[in-house]
Number of protein chains: 2
Amino acid sequence: MELSRRRLLGTVGAAGAAGLVVGGAGGALGVAAAQDDGPEALTTLGSTAVAFRPARAKHQAGITTPLQAKGHLVAFDLTPGSGRKEAAALLRRWSRTAEELMAGHAPHADTGVALDAGPSSLTVTFGFGHGFFDRTGLTKRRPTQLDPLPDFSADALDPRRSNGDLWIQIGADDALVAFHALRALQKEAAGTARLRWQMNGFNRTPGATAQPMTARNLMGQVDGTNNPKPSDPDFDERIFVGRDADQQWMRGGSYAVVRRIRMLLDEWEKQPLAKQEKVIGRRKSNGAPLTGGSETTPMRLDANGPDGLPVIPADAHARVAAPESNQGAAMLRRPFSFHDGFRDDGAPDAGLLFVCWQADPLRAFTQIQRKLDRGDALSVFLRHEASGLYAVPPAAEAGDYVGRPLLEG
Amino acid sequence: MELSRRRLLGTVGAAGAAGLVVGGAGGALGVAAAQDDGPEALTTLGSTAVAFRPARAKHQAGITTPLQAKGHLVAFDLTPGSGRKEAAALLRRWSRTAEELMAGHAPHADTGVALDAGPSSLTVTFGFGHGFFDRTGLTKRRPTQLDPLPDFSADALDPRRSNGDLWIQIGADDALVAFHALRALQKEAAGTARLRWQMNGFNRTPGATAQPMTARNLMGQVDGTNNPKPSDPDFDERIFVGRDADQQWMRGGSYAVVRRIRMLLDEWEKQPLAKQEKVIGRRKSNGAPLTGGSETTPMRLDANGPDGLPVIPADAHARVAAPESNQGAAMLRRPFSFHDGFRDDGAPDAGLLFVCWQADPLRAFTQIQRKLDRGDALSVFLRHEASGLYAVPPAAEAGDYVGRPLLEG
Ligand code: HEM
Ligand code: HEM
């Protein structure tokens, strides 16, 4: 009990965009590990640190980082009187704290909530909303990509839980590590920005499945299969802002679209399996396309069944959302599930904190959601309840803070 | 991806009260484990199964089971027209499903949400509230231990989130496994019982710390140190109902007191460390008593400082709550933290889903809370917002369901 995890980890630091394993059975912590006899000893789950300033990648952590078990999304509005100078000071404080926390260090005047725990793959990702640029006198530097999303017919958006000047995504494999980061960052906003909305999400805990597997959502579907992969030749171009960007401060950054999508689970769960699979176009058991094969087999969108109808129905979610149906449009979906108890009508207040990443929302989220809004068999089981769009700048360079090229450039 | 965890686990079954490790590096899953290269491969976190019918212990799982990372508390009321017969049928359905789920099997007509995952230490624990006995015509068999708790001066209880005829505690180390169980059980209540309230909680994820450590709560304190230990000679007598019970159907069972206790974290976090430590009587860093030693060193309640005052102040929470101050009273605290976002005033809606277990609430929770209510330095930082008291019968015997001796005895 006397051994401080933090103290040990503090000497190691963090490196590697996708997560560096600190210690482990053969590493510096081998001695401590050998003394343990319970199943709860520190594993890579706790010891993995994600770099705040990745050595090679130019983008912030939390975009291509593997899904974490726990997530907090939080938006702030600058308080009246806070302008560009105050925002710059806040981003400087936030960046310093995020870097410390992600490396497993406790910040100044700490609450102690994350003591004992390793960094647990903590990531902190910062973004700017539309209003930020007005309030900081930076309207000229606002990218057109931040133009408000169009209205969709299925929208039932709550403005109090939408948008916001500043947005933070926190992810970690330990709930106390995540909460600790949320409080530390909230406290540093005091006087400069006021909390606008905050949402909690989760994913599978690493180690709960036999292999690193594609996630499942609360409808029970394998979700994330046909995401663009970092190894795809056009991955960077689709997800990250390129060198020809109008707003050079966003080069290497990305745009995040956030939607709180409630699932009508009572209705959904009444559908027979065959119907559920037609709604998506994939098998529920393993995510394979209805046209056969395994999870990673490409869908055969042109295959017809004995009845002459397409095997993957015309309104199947995966067909309507596919690049083939959207002039090649694609984005990186990196959601958390949410469950905020039950509503007064007894239905679960649960669904997907849908977070997707793209170089250009107009040619990705907006293009695809327009299609889904008209012809997606899944949409009758969904309610879009909140929405946000944020410009997520590249990672901070050495000695710098996130957003400096915008705020002081 | 094709390998079904469930199918593998299905052949193994579950045993052992405190959790059986299914597979692992040297076990039946050694082959699968050897094929994994990512840090997320199935670990004991996922493979641990807790027995629904423990081989030796007579009490339900979820009482002495190590804390899980995720928890759901849920209460139901019997619907008008549902009596003893319907309640018995419900408990029979629930018991069968709980047993299947805890062993890692999917129930009939499954949502698929927990597919791929191991049992992940899932526990499902059933209890009866005061009203249950009226509605089932079993008033004569209601234990006096279920008499309503007295009012405490600090109570600000919301009746809609308190009490209930039936109570279930669900715990698991994976959030989807826990949610899956919650939905399955909720669905089986349809027609017989209506959801009354439901709360979500969490604890540290196993593997996030170097050793199995005492939990921390959202105030940052080490919480659980001076809990009675199963190895204590009087543990069973304090926590579980003995053979001399008036209501023999409760023999081997326990009483659960549930309190939603919100923490006034904004006020708490403003207190300097020295003040925070005096409020509890223990060090925040490692939980050691202010009178010295390590976490497990006994408090020296009679030690005075150079100023002649007690080192552990007269109103320190750990002193006021200690058996020494309560005629030996003690209970097993097994809480989850909660965080339901932020309130309209900007304060976190966060704290402790305090769950404690005892053979007799009057001589444990009530005795201690009466003391705390009057003289606890911690209480100014707390709000008791909801309350429940449940009779948790012993585990089901072979071929039986939980509560049969009450319902059909
Ligand atoms: C709660 C809401 C949603 C659920 C439950 C859901 C579920 C799924 C599932 C199960 C798949 C198939 C597996 C996969 O490739 O990941 C999928 C694919 C996809 N979804 Fe969704 N989805 C939701 C909302 C959205 C939204 C709002 C968008 C974008 C506007 C979207 C875009 C996509 C895309 C682009 C694919 C991949 C299609 C392909 O290339 O095959 N989804 N979704
Ligand atoms: C949010 C509310 C609470 C917090 C944050 C809290 C925190 C703590 C802490 C940090 C300790 C010292 C470490 C330990 O032995 O676990 C402790 C001890 C204890 N608490 Fe609480 N507590 C809370 C509510 C309660 C309530 C409502 C009761 C019972 C009515 C209670 C009963 C006890 C007992 C019996 C001990 C052990 C005292 C001893 O034997 O040393 N606590 N609590």
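About the cut-offs
Residues numbered from 1 in each chain as written. Chains lettered and ligands numbered in written order. Predicted model: local features only at pLDDT ≥ 70, side-chain atom pairs only at ≥ 80, totals over all residues. Heavy atoms only, no water. UniProt positions renumbered as here; feature names shortened; annotations may be inferred. Helix = DSSP H or I, 4+ residues; strand = E, 2+ residues; numbered from the N terminus. Buried < 20%, exposed > 50% of the residue type's maximum accessible area, 1.4 Å probe, protein only. Contact = heavy atoms within 4.5 Å. Areas by Shrake-Rupley, 256 points an atom, 1.4 Å probe, with all protein chains shown as cover. Donors = N, O, S within 2.8 Å, 3.2 Å for Na, K, Ca; no water. Least-squares fit on C-alpha atoms with pLDDT ≥ 70 in both. Near = heavy atom within 4 Å. Polar contact = N/O pair within 3.5 Å; in protein donor to acceptor, adjacent residues only side chain to side chain. Nonpolar A, V, L, I, M, F, W, Y, C, P; charged D, E, K, R; others polar. Salt bridge = Lys/Arg side-chain N within 4 Å of Asp/Glu carboxyl O. Pairing = 2+ DSSP bridges. 1 Å grid on protein atoms, 1.4 Å probe; cavity = no way out; pocket = protein on both sides within 12 Å on 5 of 7 lines; lining within 4 Å. Points joined across faces, edges and corners; volume = space filled by probe spheres on them. Axes fitted to C-alpha atoms, helices over the stretch in contact; angles between N-to-C directions. Parallel < 35°, antiparallel > 145°, perpendicular 65-115°, else oblique. Left-handed = near helix turned anticlockwise from the far one by under 90°. Phe/Tyr/Trp six-rings, centres within 6.5 Å; stacked < 30°, edge-to-face > 60°. pLDDT = per-residue confidence, 0-100.

- By the naming in an unreviewed UniProt entry, chain A goes by Deferrochelatase and is assigned to Streptomyces natalensis ATCC 27448.
- Quoted verbatim from the Catalytic activity (unreviewed entry) heading of the UniProt record, the comment on chain A is "heme b + 2 H(+) = protoporphyrin IX + Fe(2+)".
- Of the comments in the UniProt record for chain A, the one headed Sequence similarities (unreviewed entry) reads "Belongs to the DyP-type peroxidase family."

### Focus on the overall build of chain A
Then step 1. A tally of regular secondary structure across chain A gives 12 helices and 11 strands.
Then step 2. The 409 residues of chain A split such that 61% are buried.
Then step 3. Contacts spanning at least 24 positions in sequence make up 79% of the contacts within chain A whose residues lie at least 6 apart.
Then step 4. Element-wise, carbon and sulfur atoms account for 52% of the exposed surface of chain A, whose accessible area totals about 16100 Å².

### Topic: the coordination of the iron atom of ligand 1
Then step 1. Exactly one donor from the protein chain reaches the iron atom of ligand 1: A:His317 (NE2), at 2.0 Å.
Then step 2. Tracing the chain through its elements places A:His317 in helix α10 (residues 317–321).

### Overview of the relation of the copies chain B and chain A
Then step 1. Its rotation angle being 180 degrees, the transformation that places chain B on chain A also includes 0.0 Å of axial translation and leaves an RMSD of 0.0 Å. Taken together, the turn and the small shift mark the pair as related by a two-fold rotation axis. Measuring from the rotation axis to each C-alpha of chain B, the shortest distance belongs to B:Asp340, at 3.6 Å.

### Some points on the site of ligand 2
All names here are of chain B.
Then step 1. Taken together, 29 residues form the shell around ligand 2, and within it Gly224, Asn226, His317, Met331 and Arg333 come nearest.
Then step 2. In this structure, a nitrogen atom belonging to ligand 2 sits 2.9 Å away from a side-chain N or O atom of His317.
Then step 3. Elements with a minimum of two residues in the shell around ligand 2: β7 (254–263), α10 (317–321), β10 (348–358), α11 (365–375) and β11 (382–392).
Then step 4. No other element matches α11, which puts four residues into the shell around ligand 2.
Then step 5. Broken down by class, the residue content of the shell around ligand 2 amounts to 18 nonpolar, eight polar and three charged.

### Things to note about the interface of chain B and chain A
Then step 1. Facing 73 residues of chain B, the contacting portion of chain A comprises 73 residues.
Then step 2. Between chain B and chain A we count 10 salt bridges in total.
Then step 3. Across the salt bridge formed by B:Arg183 and A:Glu269, the nearest N and O atoms sit 2.9 Å from each other.
Then step 4. Taken together, the connections running from chain B to chain A amount to 30 residue pairs in polar contact (both at pLDDT 80 or more).
Then step 5. Considering each element in turn, the side of chain B that touches chain A owes the most residues, eight residues, to helix α6 (residues 175–189) of chain B.
Then step 6. When the residues that make up the side of chain B that touches chain A are grouped by side-chain class, the tally is 29 nonpolar, 26 polar and 18 charged.

### Brief notes about the pairing of strand β3 (residues 70–78) of chain A
Residues and elements named next belong to chain A.
Then step 1. Burial analysis of β3 places nine of its nine residues in the buried class, which makes it a mostly covered element.
Then step 2. Inspection of the sheet shows β3 paired to strand β5 (residues 166–172) by seven bridges, in the antiparallel sense. What sits directly across from Ala75, in β5, is Trp167.
Then step 3. Two strands pair when backbone bridges link them, and β3 and strand β6 (residues 193–202) are joined in this way by nine bridges, in the antiparallel orientation. Each residue of the ladder has a partner; that of Lys70, found in β6, is Phe202.

### Re the site of ligand 1
All names here are of chain A.
Then step 1. Near ligand 1 there are 29 residues, and of these Gly224, Thr225, Asn226, His317 and Arg333 occur at the shortest range.
Then step 2. At 2.6 Å, a backbone N or O of Gly224 approaches an oxygen atom of ligand 1.
Then step 3. A distance of 2.9 Å separates a nitrogen atom of ligand 1 from a polar side-chain atom of His317.
Then step 4. Those elements that provide at least two residues to the shell around ligand 1 are β7 (254–263), α10, β10 (348–358), α11 (365–375) and β11 (382–392).
Then step 5. With four residues, α11 is the single largest residue contributor to the shell around ligand 1.
Then step 6. Partitioned by chemical class, the residues of the shell around ligand 1 number 18 nonpolar, eight polar and three charged.

### Some thoughts on empty space enclosed by the protein
Then step 1. Following the criterion strictly, the structure yields seven cavities of 30 Å³ or more and no others.
Then step 2. Put simply, the largest cavity is a space of about 130 Å³.
Then step 3. The residue inventory of the lining of the largest cavity, partitioned by class, reads six nonpolar, four polar and five charged.
Then step 4. Estimated volume of the second largest cavity: approximately 70 Å³.
Then step 5. For the lining of the second largest cavity, the residue count by class is two nonpolar, three polar and four charged.

### Quick notes on the UniProt feature "domain: Dyp-type peroxidase C-terminal" (unreviewed entry) in chain A
Then step 1. With numbering aligned to this structure, UniProt lists the feature "domain: Dyp-type peroxidase C-terminal" (unreviewed entry) at residues 214–396 of chain A.
Then step 2. Each end of residues 214–396 of chain A is marked by a C-alpha atom, and these two atoms are 30 Å apart; helix forms 19% of the span and strand 22%.

### Focus on the packing of helix α4 (residues 84–102) of chain A against helix α6 (residues 175–189) of chain A
All names here are of chain A.
Then step 1. Packing of α4 against α6 leaves a shortest axis separation of 10 Å and a crossing angle of 160 degrees. Classified by the angle their axes make, α4 and α6 are roughly antiparallel. For α4 against α6, the interelement crossing comes out right-handed. Together, Leu90, Arg93, Trp94, Arg96, Thr97 and Leu101 of α4 and His180, Ala181, Ala184, Leu185, Glu188 and Ala189 of α6 make up the contact between the two elements.
Then step 2. For the contact of α4 with α6, the per-class residue count stands at seven nonpolar, two polar and three charged.

### Notes on the environment of A:Ala51
All names here are of chain A.
Then step 1. Structurally, Ala51 is set in the loop between β2 (48–49) and β3.
Then step 2. Here Ala51 falls in the buried class, since its relative accessible area comes to 4%.
Then step 3. For the pair Ala51 and Gln186, spaced 135 residues apart in the sequence, the C-alpha separation amounts to 21 Å.

### Some remarks on the packing of aromatic side chains
Residue and element names in this part refer to chain B.
Then step 1. Tallied over the full model, the rule gives 26 aromatic pairs over all chains.
Then step 2. Both rings, one in Phe128 and one in Trp249, keep their centres 6.2 Å apart while their planes meet at 70 degrees; by these two values the pair is edge-to-face. Here the residue Phe128 occupies a position in strand β4 (residues 123–128), and Trp249 occupies one in the loop between α7 (235–239) and β7, the gap between them amounting to 121 residues.
Then step 3. The exposure class assigned to Trp249 is buried, which follows from its relative accessible area of 5%.

### Brief notes about unusual backbone geometry
Residues and elements named next belong to chain A.
Then step 1. One non-glycine residue, Asp116, lies in the positive phi region at around 85 degrees.
Then step 2. Along the polypeptide, Asp116 turns up in the loop between α4 and β4 (123–128).
Then step 3. With a relative accessible area of 10%, Asp116 lands in the buried category.

### Description of the confidence of the model for chain A
All names here are of chain A.
Then step 1. For chain A, the average pLDDT comes to 90, and 90% of its residues sit at 70 or higher.
Then step 2. Every residue in residues 1–40 scores below 50 in pLDDT, and together they form 80 contacts with partners more than four places removed in sequence or on other chains.
Then step 3. Under the prediction, the complex receives an ipTM of 0.91, its pTM being 0.92.

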